[in-house]
Structures are given as structure tokens and as C-alpha cells.
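In case you want the letters, here they are:
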Amino acid sequence: MDFLAIDIGDPEGLNLPDFATTALLRGTPFPRTTDLSAKRNTALVLSRLMGWRRIVFLDDDIEVGSPQDVTWAARLLDSYDAVGMQIDGYPDNSVVCHAHRETGGYQDSFVGGGALAVETTRSPSFFPNVYNEDWFYLLTDTSLRRLAVAGKVKQRPFDPFDQQIRARDQELGDVLAEGVYWLLDKDPQQGWKPATEPAHWAYFLGARDRFIADILDRVRRLPLVGRKRRAMESSLLAARGRLNRIDPDFCVAYLKAWLEDRHRWDCHLNRIPQLGPHPQDVMKWLTKDGATTLRWWKSLSLAY
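Caption draft 1: Here's a closer look at the nonpolar core. Residues Phe136 and Trp201 are the most contacted members of the largest nonpolar core, which totals 67 residues. If you tally residues by element for this core, the top one is helix α6 (residues 164-186), at nine residues. Contacts of Phe136, omitting those with residues within four sequence positions, involve Ser125, Phe126, Pro128, Val130, Leu176, Ala177, Tyr254, Leu255 and Trp258. In this structure, Leu77, Ala115, Ala117 and Val153 belong to the second largest nonpolar core, which totals eleven residues.

Caption draft 2: Representation of the pattern of salt bridges. Tallied over the entire structure, the rule returns 21 salt bridges. The salt bridge partner of Asp18 is Lys288, with a shortest N-O separation of 3.7 Å. Of this pair, Asp18 sits in the loop between β1 (4-7) and α1 (20-25) while Lys288 sits in the loop between α10 (279-286) and β7 (295-298), placing them 270 residues apart in sequence. Classification of Asp18 by relative accessible area gives exposed; the value is 62%. Across the salt bridge formed by Glu233 and Arg220, the nearest N and O atoms sit 2.9 Å from each other. Taken as a pair, Glu233 in helix α8 (residues 227-243) and Arg220 in helix α7 (residues 198-221) lie far apart in primary sequence, 13 residues in all. Residue classification places Arg220 among the partly exposed residues on the basis of a relative accessible area of 43%. Members of the salt-bridge network, linked through shared partners, are Arg53, Asp81, Glu119, Arg122 and Arg146.

What counts as what
- Residues numbered from 1 in each chain as written.
- Predicted model: local features only at pLDDT ≥ 70, side-chain atom pairs only at ≥ 80, totals over all residues.
- Heavy atoms only, no water.
- Core = buried A, V, L, I, M, F, W, Y, C linked by side-chain atoms within 4.5 Å.
- Buried < 20%, exposed > 50% of the residue type's maximum accessible area, 1.4 Å probe, protein only.
- Helix = DSSP H or I, 4+ residues; strand = E, 2+ residues; numbered from the N terminus.
- Contact = heavy atoms within 4.5 Å.
- Salt bridge = Lys/Arg side-chain N within 4 Å of Asp/Glu carboxyl O.

As C-alpha cells, this is what we get:
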């Protein structure tokens with residue numbers, strides 16, 4: 001099998017734009033320290049450098065049952081900007097949504113970046129460094145990108161309540177994404193523009209608080225015992241505590257920064273040369289001036 005593997009190392013050394021959304025979170029309770037968005041954005045830049053029109057994102061806890069499922073998803077990119085693969089096995093949700101399901105609430109799963117095929121030359125978008133970064137990738141300036149679902153994959157199970165920090169760190173991204181997509185569900189023709197007004201977030205934050213409070217009440221009434229009850233309750237309290245530090249003006253400011261970043265990303269992509277299948281040149285371009293060039297490996301059969 002041919003492959004090209006890249007160790008991105010320190011995300012600060014990557015040749016990516018200085019995003020306003022990232023800067024907005026510095027010095028607040030909300031910065032996200034994972035490198036997931038940096039990896040995904042680097043993959044998008046890599047596709048431009050290599051001349052790839054289609055790529056597939058697969059998280060390391062995703063199992064693909066059949067290569068044909070990936071082929072089906074990729075073929076649909078002739079007509080769609082992104083194609084999500086249906087995730088079976090353990091549900092792909094936030095901690096709060098897992099608690100909602102486990103206490104009797106109906107909880108669906110939306111398309112996610114864990115198993116997502118994308119067309120890289122149309123409607124350029126990026127992954128902001130926030131939880132639910134994939135939901136933001138699927139947005140346009142006004143609505144949702146052309147999206148389909150095809151194929152199936154399986155996510156390995158995990159314990160969403162093993163660390164309360166997980167729920168706390170997810171809360172801002174969960175609020176922002178759910179608040180925007182709620183508008184799209186409510187009135188697709190209107191789009192998500194009301195989310196640029198504080199009044200929308202004043203209402204939505206109140207609804208979110210009531211939602212978490214209701215789940216907490218159900219957790220406390222369910223016949224759960226021992227560690228699981230305590231873990232679920234601690235996670236929900238952590239999410240609610242973080243929710244109480246989010247205000248409507250901050251949500252509006254984040255969306256304004258995200259719109260600025262969409263333009264910043266578009267300008268960045270327009271400066272990217274198409275270098276073709278030459279890893280040495282590509283790795284230099286992927287790193288900022290003065291940063292250590294990325295380490296990479298390729299299969300012996302891969303010829304350039």
C-alpha cells in the first residue's frame with residue numbers, strides 16, 4: 001500500500017493563518033489545546049500543494065468496514081461539497097448529548113469530521129480551533145454547504161464521562177454550533193444570520209441552561225449507582241459551569257471573527273502553489289519560516 005505519513009509536531013510551526021477565532025479565545029476560559037483543527041487544516045493545504053481534489057478525513061477511532069463505502073462517498077463529491085459517512089457503533093456526540101441519550105432523551109448524530117469526504121477546490125472552508133470544528137467547516141457565510149451521507153463506518157466505544165474536563169472544554173463549541181444549526185433547522189431559507197445578534201444568544205443560552213438542568217434532574221432520578229452517577233453528574237455540572245461564563249456578546253464576537261477567518265483562509269489558499277508529488281518541497285511550504293521542517297515517511301513503492 002502506498003502512503004505518505006506526516007508528523008505535524010508543534011502546531012505553532014505550521015504555515016497556517018493566524019486565525020482571529022483562535023486569538024479571541026486566548027486569555028479566556030475557552031482556549032482549546034488539541035491539535036485536531038491544525039491537522040485538518042494542514043490536510044486541506046496539503047491537498048492544494050499536491051493537486052488533490054478529493055480527500056477523506058478519518059479519525060483514529062474509526063473503523064471502515066469496506067473500501068467500497070469510501071468509494072461511494074468520494075463519487076458523490078461530483079455533486080456535493082462534502083459527504084459524511086454514517087457512523088455506527090458508539091454514537092458520535094458531545095458529553096452533554098451522551099447524557100441526554102442515556103437518561104431517556106432522543107439524541108441523533110450529525111455528520112462529523114471523523115469520517116468525512118470533502119471536495120477541496122469548491123467553496124473553500126476551514127476548521128476553527130473549537131469543539132464542533134467540523135460543523136463550522138460545513139457552513140457557508142449564510143447557510144449549509146451541499147452535503148450528503150453515504151457509506152458506513154464504526155466508531156470505537158469510549159467513556160464520555162471519565163473526565164469532567166471533557167464536558168467543560170466542549171461547552172463553548174457545543175453552544176456555538178448548536179445555536180447556529182438550530183436556526184438552520186428552524187428556517188433553512190433564513191439561514192443562520194440571526195446568530196449575529198445578541199438577542200438570539202440570550203434566548204439560546206437560557207434554553208441550553210434549562211436543557212442541561214433537565215438532564216441533571218434525570219440523572220439524579222435514575223437508578224444509577226456508584227461511579228457512573230457521580231461521573232455523569234460531575235460532567236454535567238462542569239458543562240453548566242462553563243456555560244454560565246458564556247455571554248451573548250462573546251458568541252456574536254466569535255461568529256464575527258469566524259467570518260473574518262473565512263476570508264483570511266480564502267486568501268491563504270489563493271497563495272498556495274501546486275507543487276505536485278514532491279514531498280521535500282511540500283514539507284517546506286507547510287512550515288513557517290524558521291520553524292523545523294515537518295518529518296515525513298513514505299512507502300518504498302511510492303515513486304515521485
